[in-house]
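Survey of secondary and tertiary structure
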Amino acid sequence: MKTKIIFSLLSALPLIAAADVTVNMNQVSEAGVGTKLGQVLVSESKYGLVFTPALTGLTPGLHGFHVHQNADCSAKEKDGKLVAALGAGGHYDPENSNRHGTPWGDGHAGDLPPLYVDASGNANQPVLAPRLKMADLKGRSLMIHVGGDNHSDHPAMLGGGGARLVCGAS
């Protein structure tokens, strides 16, 4: 009887979905973490993680959007200058690919589709990360960069995106 109960419980485990995660997102600068601009709800689907932003006050257009290595949005020093959210480290890259790529490719696992910000400065369009699982977010941060992302290291490294603009630790 015990074996039957244990087997029944174990067979039900795949039906239990991981809980959604809400990441508060704040503007960042060399001075540190600033104003909260909203949040990103992360949920797991059979196709990968879905990142649904609810953000305001951003510059319209496309922005680079990534999962970064560390859950730290603080400014850190590099070459004698403070850099916004450098505490987050680089893009999440558990396979050590050491290259930028598409969200479905073989580059950094933390490479996400670009974040779309409408003419009013709002971001609310979800993006899908097909290679990520909820467990990959633990101890990481989400980062929004100034400018777009071409998902390549050419002609510029890391997709040609700009400075770190908004960060949230998961």
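Anything mentioned here points back to the structure above.
This section reports on the structure supplied with the text. Just so it is clear, the model here is predicted, and its values are computed rather than measured.

**Details of the environment of Ala163**
Tracing the backbone through its elements, the reader meets Ala163 in the loop between β10 (141-145) and β11 (164-169). C-alpha separation for the pair Ala163 and Ser29, spaced 134 residues apart in sequence, amounts to 9.3 Å. Those residues in contact with Ala163 that lie beyond four places of it in its chain are Ile144, His145 and Val146.

**Topic: the nonpolar core**
Ranked by size, the top nonpolar core spans 26 residues in total, and within it Val42, Phe51, Leu58, Phe65, Leu132 and Leu142 carry the most contacts. Of all the secondary-structure elements, those providing two or more residues to this core are β1 (21-29), β2 (32-45), β3 (48-55), β5 (65-68), β8 (115-117), β9 (127-129), β10 and β11. Within the second largest apolar cluster, seven residues are counted, among which are Val28, Ala88, Met143 and Cys167.

**Digging into the environment of Gly89**
In this structure, Gly89 sits in the loop between β7 (81-83) and β8. C-alpha of Gly89 to C-alpha of Asn70: the two residues are 19 residues apart in sequence and 5.8 Å apart in space. The residues contacting Gly89, other than those within four sequence positions of it, are His68, Asn70 and Arg164.

**Examining the environment of Gly64**
Mapped onto the elements of the fold, Gly64 is located in the loop between β4 (61-63) and β5. Here Gly64 falls in the buried class, since its relative accessible area comes to 0%. A sequence separation of 82 residues divides Gly64 from Val146, and the C-alpha atoms of the two residues are 6.9 Å apart.

**Some points on the pairing of β10**
Burial runs high along β10: five of the five residues are buried. Burial along β10 is two-sided: Ser141, Met143 and His145 facing one way and Leu142 and Ile144 facing the other are all buried. Of the pairings in the sheet, the one linking β5 to β10 comprises four bridges and is antiparallel in character. Following the sheet pairing, Phe65 is matched in β10 by Ile144. Sheet topology places β10 next to β11; five bridges connect them, and they run antiparallel. Looking at the pairing, Met143 lines up with Cys167 of β11.

**Notes on the state of the cysteines**
Applying the stated criterion to the full structure yields one disulfide. Disulfide pairing places Cys73 opposite Cys167 at an S-S distance of 2.0 Å. Handedness of the Cys73-Cys167 disulfide follows from its S-S torsion of about -70 degrees: it is left-handed. Linking Cys73 in the loop between β5 and β6 (76-78) with Cys167 in strand β11, this pair joins segments that are 94 residues apart in sequence. Accessibility assignment for this pair places Cys73 and Cys167 in one class, buried.

So, how was this worked out
- Residues numbered from 1 in each chain as written.
- Predicted model: local features only at pLDDT ≥ 70, side-chain atom pairs only at ≥ 80, totals over all residues.
- Heavy atoms only, no water.
- Helix = DSSP H or I, 4+ residues; strand = E, 2+ residues; numbered from the N terminus.
- Contact = heavy atoms within 4.5 Å.
- Core = buried A, V, L, I, M, F, W, Y, C linked by side-chain atoms within 4.5 Å.
- Buried < 20%, exposed > 50% of the residue type's maximum accessible area, 1.4 Å probe, protein only.
- Pairing = 2+ DSSP bridges.
- Disulfide = S-S within 2.5 Å.

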